[in-house]
Amino acid sequence: MTDNLKRLSDEGVSIWLDDISRERLRTGNLEQLVKERHVVGVTSNPTIFAKALSKGSAYDDQVRDLAVRGVDVEEAARSITTFDIRWGCDVLRPVYDRTQGLDGRVSIEVDPRLARETEKTVAEARALWWMVDRPNLFIKIPATREGLPAITRALAEGISVNVTLIFSLERYGEVIDAYFAGLEKARENGHDLSAIASVASFFVSRVDTEIDKRLDKVGSDEAKGLRSKAGVANAQLAYALYEEKSGTDRWKALKDAGARPQRPLWASTGVKDPNLPDTLYVDHLVAPGTVNTMPEATLDAAADHAEVPGTPIQGTYDEARAHMNALKQVGVDYDDVVRVLEDEGVEKFEASWNELLATIAGELRDKGAGQQGAGA
């Protein structure tokens, strides 16, 4: 039987799981995925935590203790999420050690309500870095305009960063520059550059969802023929930009000082359209030095029938540029698409964070009331 996930790994793609939960940790499921499915990292977001809190009883004991202590809902959220992330870091620590810090990483996101506030984002990054206290942690910071200086400042303090919510090529270029600037300042501050790591999370499926909606509105045969190809093309051109920036003198100087590359990470790789192949965003984004973070359904599909191409991603650039130009010709405004996606991305994460807080608040009330009743 072909081990498709091993083939992906052998091509230089690090396979990460886009999910975490107390139940997954408690049952040893995450450790099993590391051993059997070549999973070498984990990403999380507010939606993932909200979903985890709404299922089962894995969090009951901790929530009950927090309720008894009278901890407010925001600090309870930090305690609950950092507990899972710390545990995840410990599960992945052997991978981190084996790969000399390349993989074995676990990501936690700053409060998404701070996405437009630089100072608060930096303060939150520091707090999460301190609370988890594991070298294989990534702090996720959104790539908003206000997030860029926060990324640089966090890196300058030796904090490893997963830059999230990247949709546009222009913003991705700015993210790479923010990484370079952070490393340059970290070096000035006396930090060991080899101890600092970063990935740049470039979102894929959401690009297709938004552009396909616009193509359907255009309605022409030409527009219909362009559906469901922009997400991959956009990501392929992001890799071209990564290669371009990796050839600059600025990067070479940092590399000589011990710096690690900021690897492109393909995010939002679960296919939204059921008419599309469920491994679309795995099969077409195989490139050395990348990360593909997959929800478990996509991981299972990739294990079963992913197709690892024999041609390098570099051979796709001309076709990808031609596709993006064709979108422009039929009236799809790329700049507007990526602006809408960034705004919606921040709004969706804010909404799920508020949902998480509401869920925790309800649990604190229930567990606190139950404790009072037991003591009466």
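Residues numbered from 1 in each chain as written. Predicted model: local features only at pLDDT ≥ 70, side-chain atom pairs only at ≥ 80, totals over all residues. Heavy atoms only, no water.

If you check an unreviewed UniProt entry, the protein appears there as Transaldolase from Actinomadura rugatobispora. Quoted verbatim from the Catalytic activity (unreviewed entry) field of the UniProt record, the comment on the protein reads "D-sedoheptulose 7-phosphate + D-glyceraldehyde 3-phosphate = D-erythrose 4-phosphate + beta-D-fructose 6-phosphate". Per UniProt, the comment on the protein under Pathway (unreviewed entry) is "Carbohydrate degradation; pentose phosphate pathway; D-glyceraldehyde 3-phosphate and beta-D-fructose 6-phosphate from D-ribose 5-phosphate and D-xylulose 5-phosphate (non-oxidative stage): step 2/3." (UniProt positions renumbered as here; feature names shortened; annotations may be inferred.)

Asks: Would you explain the overall build of the protein in this entry?
Replies: Counting its regular elements, the protein contains 17 helices and eight strands. In summary, the protein has a C-alpha radius of gyration of 21 Å against a globular reference of 21 Å for 376 residues, a match within 12%. Overall, the protein is about 70 × 50 × 45 Å in size when its C-alpha atoms are taken along their principal axes. Expressed as a percentage of its 376 residues, the buried residues of the protein come to 56%. Element-wise, carbon and sulfur atoms account for 48% of the exposed surface of the protein, whose accessible area totals about 16,100 Å². (Helix = DSSP H or I, 4+ residues; strand = E, 2+ residues; numbered from the N terminus. Rg over C-alpha atoms; globule rule 2.2 N^0.38 Å. Buried < 20%, exposed > 50% of the residue type's maximum accessible area, 1.4 Å probe, protein only. Areas by Shrake-Rupley, 256 points an atom, 1.4 Å probe, with all protein chains shown as cover.)

Asks: Sorry, what's going on with the UniProt feature "active site" (unreviewed entry) in the protein here?
Replies: Mapped onto this numbering, the UniProt entry annotates "active site" (unreviewed entry) at Lys140. Look at Lys140 and you get buried, because its relative accessible area is 5%. Other than its neighbours up to four places away in sequence, Lys140 contacts Ser44, Asn45, Ser107, Ile108, Glu109, Val110, Asn162 and Thr164. Among the polar contacts listed, one links the side chain of Lys140 to the backbone oxygen of Ser44, at a separation of 2.8 Å. (Contact = heavy atoms within 4.5 Å. Polar contact = N/O pair within 3.5 Å; in protein donor to acceptor, adjacent residues only side chain to side chain.)

Asks: Quick question: what am I supposed to make of the packing of aromatic side chains here?
Replies: To describe a pair of aromatic rings, one takes the distance between the centres and the angle between the planes. In total, this model carries seven aromatic pairs according to the counting rule given. Geometrically, the ring pair formed by Tyr172 and Phe202 is edge-to-face, given 5.7 Å between the ring centres and 65 degrees between the ring planes. Pair noted here: Tyr172 is in helix H9 (residues 169–188) and Phe202 is in strand S6 (residues 198–203), with a separation of 30 residues, a long-range link. You can call Tyr172 buried: its relative accessible area is 1%. (Phe/Tyr/Trp six-rings, centres within 6.5 Å; stacked < 30°, edge-to-face > 60°.)

Asks: Even after reading the chapter, I still don't get the pattern of salt bridges, so can you show me in this structure?
Replies: Close approach of charged atoms allows side chains with opposite charge to pair. Taken as a whole and assessed by the stated rule, the structure comprises 39 salt bridges. The partner of Arg22 in a salt bridge is Asp84, and the shortest N-O contact between them spans 2.3 Å. Residue Arg22 is found in helix H2 (residues 22–26), and its partner Asp84 is found in helix H6 (residues 73–98); the two are separated by 62 residues along the sequence. Like Asp84, Arg22 is buried. The salt bridge partner of Asp336 is Arg214, with a shortest N-O separation of 2.8 Å. Remark: Arg214 occurs in helix H10 (residues 205–218) and Asp336 occurs in helix H17 (residues 334–375); sequence separation between them is 122 residues. Ionic contacts of the salt-bridge type, sharing partners, join the residues Arg116, Arg145, Glu146, Arg171, Glu174, Glu210, Lys213, Arg214, Asp336, Arg339, Glu342 and Asp343 into one network. (Salt bridge = Lys/Arg side-chain N within 4 Å of Asp/Glu carboxyl O.)

Asks: Please clarify how the packing of H6 against helix H7 (residues 118–132) should be interpreted in this entry.
Replies: Between H6 and H7, whose axes approach to 9 Å, the crossing angle comes to 55 degrees. The orientation of H6 relative to H7 falls into the category oblique. Remark: the crossing between H6 and H7 carries right-handed chirality. Together, Arg78, Ser79, Thr82, Ile85, Arg86 and Cys89 of H6 and Glu124, Leu128, Met131 and Val132 of H7 make up the contact between the two elements. Tallied by class, the residues present in the contact of H6 with H7 amount to five nonpolar, two polar and three charged. (Axes fitted to C-alpha atoms, helices over the stretch in contact; angles between N-to-C directions. Parallel < 35°, antiparallel > 145°, perpendicular 65-115°, else oblique. Left-handed = near helix turned anticlockwise from the far one by under 90°. Nonpolar A, V, L, I, M, F, W, Y, C, P; charged D, E, K, R; others polar.)

Asks: In this structure, what is going on with helix H12 (residues 230–246)? I would like to understand it.
Replies: At 3.6 residues per turn, the α-helix brings residues three or four places apart onto the same side. Taking 1.5 Å of rise per residue, the 17 residues of H12 would be expected to cover 24 Å, and the 24 Å separating its terminal C-alpha atoms lies within 8% of that figure. Within H12, 14 of the 17 residues are buried, which leaves the element mostly enclosed by the surrounding structure. (Expected span 1.5 Å × (residues − 1).)

Asks: Can you help me understand the pairing of strand S7 (residues 263–267) in this one?
Replies: Each regular strand carries side chains that alternate between the two faces of the sheet. Taken across its five residues, S7 has five buried, putting it largely inside the fold. Alternating residues of S7 divide into Arg263, Leu265 and Ala267 and Pro264 and Trp266, and every residue in both groups is buried. One ladder, built from two bridges, connects S7 with strand S8 (residues 290–294); its direction is parallel. The residue bridging Leu265 from the neighbouring strand is Val291, located in S8. (Pairing = 2+ DSSP bridges.)

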